[in-house]
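Spelled out, the chains give:
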Amino acid sequence: MSALNPTQEIIIRPNQSWLHVDWRGIIQYRDLVMLMVRRDFIARYKQTILGPAWFVINPILTSLTFTLVFSRVLGVATAGVPPVLFYLSGMLGWSYFSNLMTTTSSALLHNASLFGKVYFPRLIVPLSMSISSCIAFAIQLCTFLSVLAFYGLTDRLSVSLPQVLYAIACLPLIVVHTAVLALGVGLCMASLTAKYRDFQHLTGFVLQLWMYATPVIFPFSHIQAKFPGYSWIAAVNPMAAVVETIRSLFFGSPAMPASYIMISVAVSLVLFVLGVLLFQRTARTFIDTV
Amino acid sequence: MSHPTISVRNVSKKYRLGHVGMTTLRDELQRRWARLRGDHTALGVTAAREKADSPSEFWAVRDVSFDVEQGDVVGLIGRNGAGKSTLLKILSRITEPTLGEIRIRGRVASLLEVGTGFHPELSGRENIFLNGAVLGMARSETRRKFDEIVEFSEIGKFIDTPVKRYSSGMYVRLAFAVAAHLEPEILIVDEVLAVGDVAFQRKCLGKVKEISQGQGRTVLFVSHNMNAVENICTRGVMLRQGQLVRQGSDVRDIVRQYLAEHQRMEGTATWQNPDNSFANEFFRVDRFYLADRDGEVLTPPVPNDSPISVVIEGEVLKPDSNLQIGYGLFTDDMELLYYSTNLDQPEASWIEWQRGSCRLTSRIPARLLNEGKYRVGLYLSLYRRRWICEPGVKGPTVMFEIIGGLSDSPCLVVRRAGYLSPVFEWKVSSGVELLAEAE
């Protein structure tokens, strides 16, 4: 890469096609992806005492709160799973999604000063974000597994090791699926936000509503039981499949129908393609409107 | 090489001023909706509104074309708002042109700002890698150059300190060091050299020169330091209000044109005497002016390396060997630098005065005065008897300004202190020569 390579010709033209994504550039800049992941990780926990421990504290506090409010006070059933584990497992997929979507949706605006000064394929930034969020996911997974082990060893819940191992083996696929979805939605949001700041305010709100539409704090079986004819509506929400699948993998609860999972994957892919195209189209000139 | 490294063809860039916001969102939705329905009347309405808005459009760059060959150091010259930075932004793919096409052969690294992508919380070491990657360097490449970068930046032991604790000078040095060790085929530099202390600026310019001459890389360079442009650029591209005014390899000439256009001086380089002021029985002054190399009246400003002639035209009314004509050179705040007159030379070369018109010319040598404004006062007296015009006290004064041309050395491109900025020869004796001289 360091040698003079005059055969590589860059053509700069106005209004290039929507499909013009600089894949080759992304491969060339692959080192930047990892360096940005490192930067995000280090920068976030510099000058904090607990450092990455926040990744553990956060979900634990959240699930304790959920346990208190939804399970104890409101008495929402948790499909036979201990409430703390139920919420922890629900939060696992959901917080990865919400983290990634939030950061991606501000990818353009937060990096405006950088984008205004130097060129690199803009998709590098959301790409590195999806990997950054994996670190949080991994730590959260460890927390969940520790609690699961605690319940298993103290015989409060029958945990079969092969099942857990199988579940862990399946997780990367689910993470990829979630990343695709979060990037898709996030990139759409980022493109819209670049021009109209209104969408900035919308992102947080959308996420909040979306969480309630997703079986994070209640089992999917509740929806099926209450609205038997309309459960497919919940299935169109791709996150429902993600959260439910993680749970069924670990606890052996009934999985979502395969058709629902297929729909979820398809919706995610469509959103992803839309997001990437919209993003690369916006990113090429967005610096003029900042 | 048959293909230019950079070929810019009819590039234009339009900006929309003012409202990008809710109104445009509404307009845009209306327009999209109209287009969707094929409703041309509605489309026409919004189009008309767009047209009415056209004063809010602004062409930052208009129809610019030029070629750059490999190894060229191109100086983009123009005032603020002439479109230099926009052009650099388009060339470095930060934004797109509205019209036109650019073909670039090779890897581009742009330095529109020092320390792009630096994160304050990260250490110098971490930032070197991050910044390198942002500018397009692979990690292995950065690792190979790491020691060189640290050495160039003079950061030393602070390399593991977060950069937020750095002084601004250290920050800039580190940032430039990373950029200077990139190995792109094309380097785009915007006014970066305006920062850092003089010693470091010198180092940077040296590096830019080395990059282009030693390594055959192409450099595009924007600076308001005309000395730097003259010194390191091999081509000049001059922009005015987004349009290309002039380009070519006669950088000095382009710089001169730019300076002449944009730095008008108050005061003039010529003084006429229609109403016969300072009348006396010996000499009548008609004209007192400054001329350039070709004898034309000087158009300021002048580079330091071209001579200036002081010209006095008039009529000798009564020849007198004591008639002393000359000038006094002053700084802008009227501090005297020196006098020079026709009676300074040995008696043998004095002028034999004859009745009638005459012209006296004396040359202020090139490479004498520092950058700045100077005044020239007419010196007219009868030696030791009386003043007719005493420079700085009474009598006409003409002015000129020196900008640029300080030296061909990369180490003298920024104005140093002092009124004079001569370039003298230096002889260095060493070793055996030194011993021989001692004997």
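Our subject in this report is the structure included herewith.

**Some words on the pairing of strand β3 (residues 73-77) of chain B**
Residue and element names in this part refer to chain B.
- Among the five residues of β3, five are classified as buried, and the element is accordingly described as predominantly covered.
- With burial as the criterion, each face of β3 is covered, one bearing V73, G75 and I77 and the other bearing V74 and L76.
- Where β3 meets strand β7 (residues 218-222), four bridges bridge the pair, whose relative direction is parallel. Paired with L76 across the two strands is V222, which belongs to β7.
- Pairing geometry for β3 and strand β8 (residues 235-240), over four bridges, is parallel. Bridge pairing in β8 links G75 to G236.

**Focus: the interface of chain B and chain A**
- Each side of the interface is counted separately: chain B has 39 residues, and chain A has 33 residues.
- When residues of the side of chain B that touches chain A are traced back to their parent elements, those giving at least two are β4 (99-105), β5 (108-111), α4 (124-134) and α5 (139-153) of chain B.
- Residue classes in the side of chain B that touches chain A are distributed as 18 nonpolar, nine polar and twelve charged.

**Some words on unusual backbone geometry**
All names here are of chain B.
- The backbone of R93 shows a phi angle near 65°, a positive value even though the residue is not glycine.
- Looking at where R93 falls in the secondary structure, it is placed in the loop between α3 (84-91) and β4.
- Although it is not a glycine, R384 adopts a positive phi angle of roughly 65°.

**Re helix α7 (residues 124-153) of chain A**
- Helix length check: α7 of chain A, at 30 residues, gives a terminal C-alpha distance of 43 Å against a target of 44 Å (1.5 Å per residue), a fit within 8%.
- Positive phi appears at D155 of chain A, one or two residues downstream of α7 of chain A, with a value of about 60°.

**Focus: helix α6 (residues 168-180) of chain B**
- Taking 1.5 Å per residue, 13 residues should reach 18 Å; α6 of chain B reaches 18 Å between its end C-alpha atoms and fits that length.
- Within α6 of chain B, burial applies to Y171, V172, R173, L174, A175, F176, A177, V178, A179 and A180 of chain B.

**Details of the sheet that holds β7 of chain B**
Residue and element names in this part refer to chain B.
- Taken together, six strands build an open sheet; the order of strands is β5-β6-β7-β3-β8-β9 and the sheet is mixed. Two strands in the sheet have a free side with no partner beyond their single neighbour: β5 and β9 (243-248). Direction aside, neighbouring strands of the sheet carry axes that sit 15° apart on average.
- Sheet topology places strand β6 (residues 186-190) next to β7; five bridges connect them, and they run parallel.

**A word on the sheet that holds strand β15 (residues 356-364) of chain B**
All names here are of chain B.
- Reading across from one edge, β10-β11-β12-β15 is the order of the four strands in this open sheet, with antiparallel pairing throughout. Two strands close off the open sheet at either side, each with one partner strand: β10 (270-272) and β15. Averaged over all pairs of adjacent strands, the angle between their axes in this sheet comes to 20°, without regard to strand direction.
- One ladder, built from eight bridges, connects strand β11 (residues 283-291) with strand β12 (residues 308-316); its direction is antiparallel.

Conventions used here
Residues take numbers from 1 onward in each chain, read along the sequence in its written order. Whichever chain is written first is A, and whichever ligand is written first is 1; the rest continue in order. Given that this is a predicted model, residues contribute local features only at a pLDDT of at least 70 and side-chain atom pairs are listed and counted only at 80 or more, while totals for whole chains, interfaces and linings are drawn from all residues. Between the buried cut of 20 or more and the exposed cut of 12 or fewer other C-beta atoms within 10 Å of a residue's own C-beta lies the partly exposed class, and all C-beta atoms are placed from the backbone. Each helix is a run of H or I in the DSSP string that is no shorter than four residues. Each strand is a run of E no shorter than two, and both are numbered from the N terminus. The pairing criterion for strands is at least two bridges between them, as found by DSSP. We call two residues in contact if the C-beta atoms placed from their backbones are at most 7 Å apart. Ten residue types, Ala, Val, Leu, Ile, Met, Phe, Trp, Tyr, Cys and Pro, are classed as nonpolar, four, Asp, Glu, Lys and Arg, as charged, and the remainder, Gly among them, as polar. How far a helix is expected to stretch is found by multiplying one less than its residue total by 1.5 Å. To get an axis, fit a line to the C-alpha atoms, keeping to the stretch in contact for a helix; angles then go from 0 to 180 degrees between the N-to-C directions.

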